[in-house]
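Tertiary structure, described
Read off the chains here:
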Amino acid sequence: MQLLVSDTKSCIKIIGKRLMSTHEILYYPDPRLRVISHPIEKIEPDIQKLVDEMFDIMYQHGGGGLAAPQIGVPLRMTIIDDKEHKPFVLINPEIVELSTRKVKNEEGCLSVPGVSAEIERPHAVKVKALDISGEPFEIEASDNYLARCLQHEIDHLYGKLYIDYLSALKRERLAKDMKKFLKK
Ligand SMILES: [Zn+2]
């Protein structure tokens, strides 16, 4: 997949433009959802603005997680509100450990609105990331929404969507239902 921008600086320019535009979530099959996002080299004030904007958009749409590429900003950053912890930001998150045991659960995505599907994922995950001040932290989760959400959001940073785990037939059906939902 070809990258739309080449470095963090260009991404920041995109952020600047985005902040002046209306909030918009990209929907499947937008090719910008397939881009591999860039690591954030420096946490500039624009990044904080982007985080604020992302929280606004996420709550506006009733989501529990949102990754920057979902609003067309190809940077390795995601926000999560699992309702159990204080809402938090993960900058340059990386999965450190995944359990071999997997569990199935219902999953949805703001970029594939109006539909959901049962997806199998490792039940436990350990992630390392930077917080908004650039401090490294680790987070572990198992058998809950957070464990699933961390994996789902980090997938976005690699251009991956939860529907990629489905068969082509199921994915097509879901895409049709999504279009119907968007027409309503
Ligand atoms: Zn998603």
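To be clear, the structure that these remarks concern was listed above.
Calculation notes
Residues numbered from 1 in each chain as written. Predicted model: local features only at pLDDT ≥ 70, side-chain atom pairs only at ≥ 80, totals over all residues. Helix = DSSP H or I, 4+ residues; strand = E, 2+ residues; numbered from the N terminus. Buried ≥ 20, exposed ≤ 12 C-beta atoms within 10 Å, placed from the backbone. Expected span 1.5 Å × (residues − 1).

Right, let's get into the environment of M77. Examined against the element boundaries, M77 turns out to sit in strand β2 (residues 77-80). In this structure M77 comes out as buried when scored by C-beta crowding, with 30 C-beta atoms within 10 Å. Remark: the alpha-carbon pair of M77 and D131, spanning 54 residues in sequence, is separated by 9.9 Å.

For helix α3 (residues 145-157), which comprises 13 residues, the first-to-last C-alpha distance of 19 Å matches the rise-based estimate of 18 Å (1.5 Å per residue) to within 8%. By the criterion of burial, α3 is predominantly enclosed, with 11 of the 13 residues buried. Among the residues of α3, L146, A147, R148, C149, L150, Q151, H152, E153, I154, H156 and L157 are the ones counted as buried. Trailing α3 by a residue or two, G159 shows a phi angle of about 75°, which is positive.

Read these as geometric descriptors, not functional statements.
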